[in-house]
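Reading the structure
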Amino acid sequence: MRVHPAGVPIESPPTMPLVAAHILEGPITPDAEAAARRAQADRWRALTRGGTVGATLRFEGIVRRAERDPEAGGRERDLVALDYQTYDPMAQRGLETLAASVAERHGLKSILALHSRGRVGVGEVSFVLEVAGAHRAETLAAVADFIDRLKQDVPIWKRAVWAG
Amino acid sequence: MRVEVLLFGGAAAAAKADRVAVEFAGDGRGVAVRDVLRALHEQHPGLRFALPPPDSGRLAVNHDFARGDHTIRPGDEVALVTLVGGG
């Protein structure tokens, strides 16, 4: 193993981008995210110690307290939760394919995409996207690209659960 | 030939059902995606807000997007995947 002049071992980073994409039941909690990362823990560690990542970017989709209700003339109403419906297994495959495509298109070092299925309450996280690249430009572009294409191609729908 | 189309989200809410069916005369060996979309426009006008144009639009057939001349055969699973709202 190579050693940095500071004495820290340098692990060889993976040559292919790390891609992980999962649909998880309920809100994306820290425990749920940790479990999703566990399968590739060694590769994630090698990547972060390999010295090729210059920028990481994390996006979280969080359920807001209020949304506009089209059936109430667009009036804003309080939410209890959002219910996410997925068309399986196309949604899981679609999320994986999109993650791999975005990683390749933008030359990322890694991408992690997690999306909820089922009920997610106000203030809870329903979507996590985390990317790593050599420079900030590709991470910013990749996050925007992923979310735009998610909202066009991946079969996930949300339904408002209104308060009162 | 009878083609069932699975519905989700706003389309399912409008139809008050998780699927609709369209009927075709003929030998029953298959029907093109564009013809299924055209039939949905004609036979289910309440779904038009969610339907893509027949000639350029797509359906999910056995969990892959397909459009135009792609043939849907008996036993294929067909779904309308539009107005998605992930993220």
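Residues numbered from 1 in each chain as written. Chains lettered and ligands numbered in written order. Predicted model: local features only at pLDDT ≥ 70, side-chain atom pairs only at ≥ 80, totals over all residues. Heavy atoms only, no water.

**Considering the nonpolar core**
Residue and element names in this part refer to chain A. Ranked by internal contacts, the top residues of the largest apolar core, which has 26 residues, are Leu 95, Val 102, Leu 108, Ile 111, Leu 129, Phe 146 and Leu 150. The set of elements that each furnish at least two residues to this core consists of strand E3 (18–25), strand E6 (75–86), helix H3 (90–106), strand E7 (110–121), strand E8 (125–133) and helix H4 (136–153). For this core, the element with the highest residue contribution is H3, accounting for 6 residues. (Core = buried A, V, L, I, M, F, W, Y, C linked by side-chain atoms within 4.5 Å. Buried < 20%, exposed > 50% of the residue type's maximum accessible area, 1.4 Å probe, protein only. Helix = DSSP H or I, 4+ residues; strand = E, 2+ residues; numbered from the N terminus.)

**Comments concerning the pairing of strand E1 (residues 2–6) of chain B**
Residue and element names in this part refer to chain B. Of the pairings in the sheet, the one linking E1 to strand E2 (residues 19–23) comprises 5 bridges and is antiparallel in character. The residue of E2 that forms the bridge with Leu 6 is Arg 19. As paired strands, E1 and strand E7 (residues 78–79) are joined by 2 bridges and run parallel to one another. Residue Val 5 lies in a different strand from E7, and its bridge partner there is Val 78. (Pairing = 2+ DSSP bridges.)

**Describing helix H2 (residues 33–43) of chain B**
Of the residues making up H2 of chain B, those classed as buried are Val 33, Val 36, Leu 37, Ala 39, Leu 40 and His 41 of chain B. On its buried face, H2 of chain B sits against E1, E2, strand E3 (31–32), strand E4 (58–61), strand E5 (64–67) and strand E6 (71–72) of chain B. (Contact = heavy atoms within 4.5 Å.)

**Side note on the environment of Gly 118 of chain A**
Residues and elements named next belong to chain A. Residue position: Gly 118 is located in strand E7. The spacing of Gly 118 and Arg 159 is 41 residues in sequence and 9.8 Å in space, taken between C-alpha atoms. With near-sequence residues (within four places) excluded, Gly 118 lies in contact with Leu 82, Asp 83 and Tyr 84.

**Description of the interface of chain A and chain B**
Taken together, the contact between chain A and chain B spans 18 residues of the former and 18 residues of the latter. For the pair chain A and chain B, the summed buried area comes to about 1,600 Å², and 57% of that belongs to carbon and sulfur atoms. Ranking the residues of chain A by area buried against chain B places Tyr 87, Met 90 and Trp 157 of chain A at the top, with a combined share of 44%. Here chain A is connected to chain B by 2 salt bridges. (Buried area = accessible area lost by both parts, 1.4 Å probe. Salt bridge = Lys/Arg side-chain N within 4 Å of Asp/Glu carboxyl O.)

**Some words on the packing of aromatic side chains**
Per the counting criterion, the structure on display carries 4 aromatic pairs over all chains. Each ring, one from Tyr 87 of chain A and one from Phe 8 of chain B, has its centre 5.0 Å from the other, and the planes form 45°; the classification is tilted. Residue Tyr 87 of chain A is located in the loop between E6 and H3, and its partner Phe 8 of chain B is located in the loop between E1 and helix H1 (9–15); the two belong to separate chains. Judged by relative accessible area, which is 9%, Phe 8 of chain B ranks as buried. When the centroid spacing of 6.1 Å and the interplanar angle of 20° are considered together, the rings of Phe 127 of chain A and Phe 146 of chain A count as stacked. Remark: Phe 146 of chain A occurs in helix H4 and Phe 127 of chain A occurs in strand E8; sequence separation between them is 19 residues. Here the two residues Phe 127 of chain A and Phe 146 of chain A agree in accessibility, since each one is buried. Aromatic ring contacts, followed pair by pair, group Phe 59, Phe 127 and Phe 146 of chain A into a single cluster. The residue whose ring lies beneath Arg 37 of chain A is Trp 44 of chain A, and the NZ or CZ to ring-centre distance is 5.5 Å. (Phe/Tyr/Trp six-rings, centres within 6.5 Å; stacked < 30°, edge-to-face > 60°. Lys NZ or Arg CZ within 6 Å of the ring centre and 35° of its normal.)

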